[in-house]
Each structure stands twice: as C-alpha cells, then as structure tokens.
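Below, each chain spelled out in residue letters.
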Amino acid sequence: MKYLQLNQELKASQLVFGCMRIDGMSVEGLEELVHEALDLGVNFFDHADIYGGGKSETVFGEVLARNPEMREKMIIQSKCGIRRGANVNFYDASKSYILESVDKSLERLQTNYLDVLLLHRPDTLMDPKEVAEAFNELYRAKKVKYFGVSNMNSMQMEMLQAHLDVNIMFNQLQLSPVHSGMIQSGFYVNMKEAPSIDHDGSVLEYCRKNEITIQAWSIMQASWAEGSFIDHVDYPQLNETLQMYADKYGVKKNAIVVAWINRHPARIQPIFGTTSMTHLQEMCAGSNIVLTHEEYYHILASAMKVDLLP
Ligand SMILES: NC(=O)c1ccc[n+]([C@@H]2O[C@H](COP(=O)([O-])OP(=O)(O)OC[C@H]3O[C@@H](n4cnc5c(N)ncnc54)[C@H](OP(=O)(O)O)[C@@H]3O)[C@@H](O)[C@H]2O)c1
C-alpha cells in the first residue's frame, strides 16, 4: 500500500475505502471487509451524513463499537451539506446545519471525533464567514481535526479559503479514465474541440499549486445509468487496454485503474466503492504498480476513444 504524508500527523493510505454503498451490509459482513481493508493497509474511510440516509455511518459505528481498537488506526472522514427536503434535495452549508450534521455523524459513527470533514457540494447561499465559524467551533471542541471540500471549483475554494482560519486540505471530485475532464482540458488549450471546455476552473492545477489533495470518486463507474465500465460492452477499447496491462502486471483490470489514478503526480487518492471482498483485494494489488508514461496515456486515449496526436 502506498501512503501519503499529508502533514506531520496524517499518514494516509492512497487508497480510500468509500462507504456510500455499505448501508445494506450486515455488521458482520462489514466488519470482515473493514478488517481486510486494514490488513491490506487501507486506513482512510470516507463517509457522508446522507449515505443510505445515515445507515452507512450507523452500520460502520456498530463495527467500531465491536472493535474499539480500530478507531485509532483509522482516518475517518465524513461530509455534510446535501439535504433531503420535503419538495426537493438541496445544499446547505449554514453554520447551524454543519454543526448539527457533525454531531449526528459522530453519534452514528460512535466516535467522539472526525479526522476530516468535507463540505459535500457548493452551496450558493453559503456565507464563508459562517463556515469559518463552524469549522473553528468544531476544531476547538476537538470534534474535527482537518477540513476540506468536495465538488468545488478553484474559485469557490479560493473564496472560501479567504475566510477560513484552517487550510482546505482536500477536494473530492469525480475522476476515472472515462471521466477525466479536468485532465483532458489541459491537452486542448486554445482548441475548438469539446474537451477544451474547462468545466472546473483548472481545478487539477489549482489543487496541485495549493497542495490540496484530490480524492477521486467513482473510479470504476461509467455513469449511474451504465454502472461500471469494467467488462461493459460499450467500452471495448478501454477494457482491452486495461486487460493488456493487467496481464503485464499480473493483476486484474480494476487494479490497473487504481494504478492509473495513482500515477498522476498530483498524488490523488482513489476512493473505491466496492462492497466485495474480492474486488477490494484486487484493487489493493494495484496500489504499488507504477505505470509508464506511455501506459498512462494509452489508458486515457482508450477511454477517450481518440488518438492524442492532433
Ligand atoms: N463527493 C461526492 O460527491 C461523491 C459522489 C459519489 C461517491 N463518493 C465517494 O466515492 C466512493 C466511491 O464511489 P463509487 O461507489 O461510485 O465507486 P466505484 O469504485 O466506482 O464503484 C462503483 C461500483 O463499481 C462496481 N464494480 C463493478 N465491477 C467492479 C470491479 N471489477 N472492481 C471494482 N468495482 C466494481 C462496484 O460493485 P461491487 O460492490 O460489486 O464491487 C461498485 O458498486 C463512495 O463510496 C463515496 O465514498 C463521493
């Protein structure tokens, strides 16, 4: 397992265990999966208050209650800011909601602190000064150690950071070989092709410049509708290329995807969403593989279905 020394205290596994899909698992099933993840070196766990309507945090909390020695080995992150309303889902980064959400997450997780708290989505009604107050209060009360955001562009982070007393350490963004707009736009500077459109204010470069760790979500997912691109009939070229390198390195295709994310010098953390023991083990096998320059681009070009030379 590769580790990232994010600051003096925080030594994080590059691979992150995503908890969005664990809400339907039994306590025993999750306990086994978490034990295996820890044994394989994964120490970073990503939650959100809304996953499974709170059930993901609850079942994870039950695992922690049965295994209290696990807590100190883990970096536990949760997110807040997406709410389910009576008429519509909406975003809320108000001070009162952030404080209330963290208290509920701590209760469900059966722990007295989060290592990391992220704002889940940008809230256009957000008052950055209120967020700063909430973060300071949570930090002083030792309820949260470190902070970050998710799905924010560069200027949103810049605006928020201007008011915060703590550093934004993370930005969680969708990234995979088939969802790589933040990388592709860098190849098409000043061109007319669709990938030249910068959807995120050069968020990749902004995060690298400011030493903000990008966490990649849905690394195996084509889309919600299609499911995973692994073995998907609509992605033959990508699967063929992944298989070629899987054979070369003696692993499965999902391990090559992990190696592809890890290869980027931005030191991105891939978050996996599997609930399968086999897939967990297969993906961890990709952690130490270092793809060559050409292999990295071959996988990207296969996903983009283009030849990168203009
Ligand atoms: N910040 C945000 O807005 C945001 C949004 C979405 C997710 N997230 C975070 O990111 C995490 C991961 O997201 P995700 O669940 O969409 O990620 P993912 O790793 O792309 O997993 C998506 C699905 O791929 C399936 N899969 C099929 N074949 C696979 C294979 N060969 N190897 C591995 N997986 C395979 C998995 O099912 P199996 O269980 O059968 O392996 C899983 O259900 C979430 O748990 C959450 O923590 C954040």
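Note that the structure is a prediction, hence the values are computed from the model and not measured. (Residues numbered from 1 in each chain as written. Predicted model: local features only at pLDDT ≥ 70, side-chain atom pairs only at ≥ 80, totals over all residues. Heavy atoms only, no water.)

**Points about the overall build of the chain**
Assigned secondary structure in the chain consists of eleven helices and 14 strands. Along the first, second and third principal axes, the C-alpha atoms of the chain reach 55 × 45 × 45 Å. Residues counted as buried form 55% of the 310 residues belonging to the chain. Taking the intrachain contacts of the chain between residues at least 6 apart in sequence as the baseline, contacts between residues at least 24 apart amount to 73%. Here the chain displays about 14,500 Å² of accessible surface, and carbon together with sulfur accounts for 51% of that area. Distance between charge centres in the chain, computed from 28 positive and 39 negative side chains, equals 2 Å. (Helix = DSSP H or I, 4+ residues; strand = E, 2+ residues; numbered from the N terminus. Buried < 20%, exposed > 50% of the residue type's maximum accessible area, 1.4 Å probe, protein only. Contact = heavy atoms within 4.5 Å. Areas by Shrake-Rupley, 256 points an atom, 1.4 Å probe, with all protein chains shown as cover. Lys, Arg positive; Asp, Glu negative; His and termini not counted. Charge placed at Lys NZ, Arg CZ, Asp CG, Glu CD.)

**What to know about the pairing of strand β14 (residues 269–272)**
Neither face of β14 is exposed, since Q269 and I271 on one face and P270 and F272 on the opposite face are all buried. As paired strands, strand β3 (residues 16–18) and β14 are joined by two bridges and run parallel to one another. Within β14, the position partnered with V16 by the bridge is I271. Bridge count between strand β11 (residues 213–217) and β14: two bridges; the pairing is parallel. Within the sheet, the bridge partner assigned to Q215 lies in β14 and is Q269. (Pairing = 2+ DSSP bridges.)

**Describing the packing of helix α1 (residues 27–39) against helix α2 (residues 55–66)**
Two numbers describe a pair of packed helices, the interaxial angle and the distance between the axes. At a minimum axis distance of 9 Å, the contact between α1 and α2 shows a crossing angle of 70 degrees. The angle between α1 and α2 falls in the class roughly perpendicular. For the pair α1 and α2, the contacting residues are V27, E28, L30, E31 and V34 in the first and V59, F60, E62, V63 and R66 in the second. Classifying every residue of the contact of α1 with α2 by side-chain character gives six nonpolar, no polar and four charged. (Axes fitted to C-alpha atoms, helices over the stretch in contact; angles between N-to-C directions. Parallel < 35°, antiparallel > 145°, perpendicular 65-115°, else oblique. Nonpolar A, V, L, I, M, F, W, Y, C, P; charged D, E, K, R; others polar.)

**Let's talk about the site of the ligand**
Neighbouring residues of the ligand: 28 residues in total, closest R21, D46, S218, T274 and H279. One of the side-chain nitrogen or oxygen atoms of S218 is found 2.6 Å away from an oxygen atom of the ligand. One of the backbone nitrogen or oxygen atoms of Q221 is found 3.3 Å away from an oxygen atom of the ligand. Isolated, the ligand exposes 900 Å² of accessible area, and the fraction of that covered by the protein chains is 87%. Elements supplying a minimum of two residues to the shell around the ligand: β14 and α10 (277–284). Residues of the shell around the ligand, tallied by class, amount to ten nonpolar, 14 polar and four charged. (Near = heavy atom within 4 Å. Polar contact = N/O pair within 3.5 Å; in protein donor to acceptor, adjacent residues only side chain to side chain.)

**Some thoughts on the packing of aromatic side chains**
On inspection of all chains with the given rule, the structure shows eight aromatic pairs. When the ring of Y296 is compared with that of Y297, the centres are 5.7 Å apart and the planes differ by 80 degrees; the resulting orientation is edge-to-face. Here a set of aromatic residues connected by ring pairs shows up, and it is made of F17, F45, F60 and F272. It is K11 that lies over the ring of Y3; its NZ or CZ is 5.1 Å from the centre. Sitting over the ring of Y235, K305 keeps its end group 5.1 Å from the ring centre. (Phe/Tyr/Trp six-rings, centres within 6.5 Å; stacked < 30°, edge-to-face > 60°. Lys NZ or Arg CZ within 6 Å of the ring centre and 35° of its normal.)

**Regarding helix α5 (residues 154–161)**
Since there are 3.6 residues in each turn of an α-helix, residues three or four apart along the chain are aligned in direction. Along α5, the positions that sit buried rather than exposed are S154, M157 and L160. Buried residues of α5 fall within an arc of 135 degrees about the axis and therefore sit on the same side. Among the structural elements, β8 (114–119), α4 (128–140), β9 (144–150), β10 (168–174) and α7 (203–209) are those in contact with the buried residues of α5. Two to three positions downstream of the cap, the backbone nitrogen of M155 sits 3.2 Å from a side-chain oxygen, assigning the N-cap of α5 to N153. (Arc of directions from axis to C-beta.)

**What about the nonpolar core?**
Nonpolar side chains in soluble globular proteins generally cluster together in the buried interior. Formed by 87 residues in total, the largest nonpolar core has its most connected members in F17, F60, L117 and L119. Here this core takes seven residues from helix α9 (residues 253–263), the largest share from any one element. Filtering out sequence-adjacent residues up to four positions away, L119 remains in contact with C80, A93, I98, M126, V131, F135, G148, V149, S150, M152 and L160. Core analysis: the next-biggest nonpolar cluster, separate from the first, contains 14 residues, F44, I75, Y146 and M169 among them. (Core = buried A, V, L, I, M, F, W, Y, C linked by side-chain atoms within 4.5 Å.)

**Some points on helix α3 (residues 95–109)**
Helix length check: α3, at 15 residues, gives a terminal C-alpha distance of 21 Å against a target of 21 Å (1.5 Å per residue), a fit within 8%. Buried residues along α3 sit against α2, β5 (75–80), β6 (82–84), β8, α4 and β9. Note on α3: the residue one or two positions beyond its end, Q110, has a positive phi of about 55 degrees. (Expected span 1.5 Å × (residues − 1).)

**Regarding the side chain of S105**
One can find S105 in helix α3. Residue S105 is classed as buried on the basis of its relative accessible area of 1%. With sequence-adjacent residues up to four places away left out, S105 is seen in contact with D49, E57 and S78.

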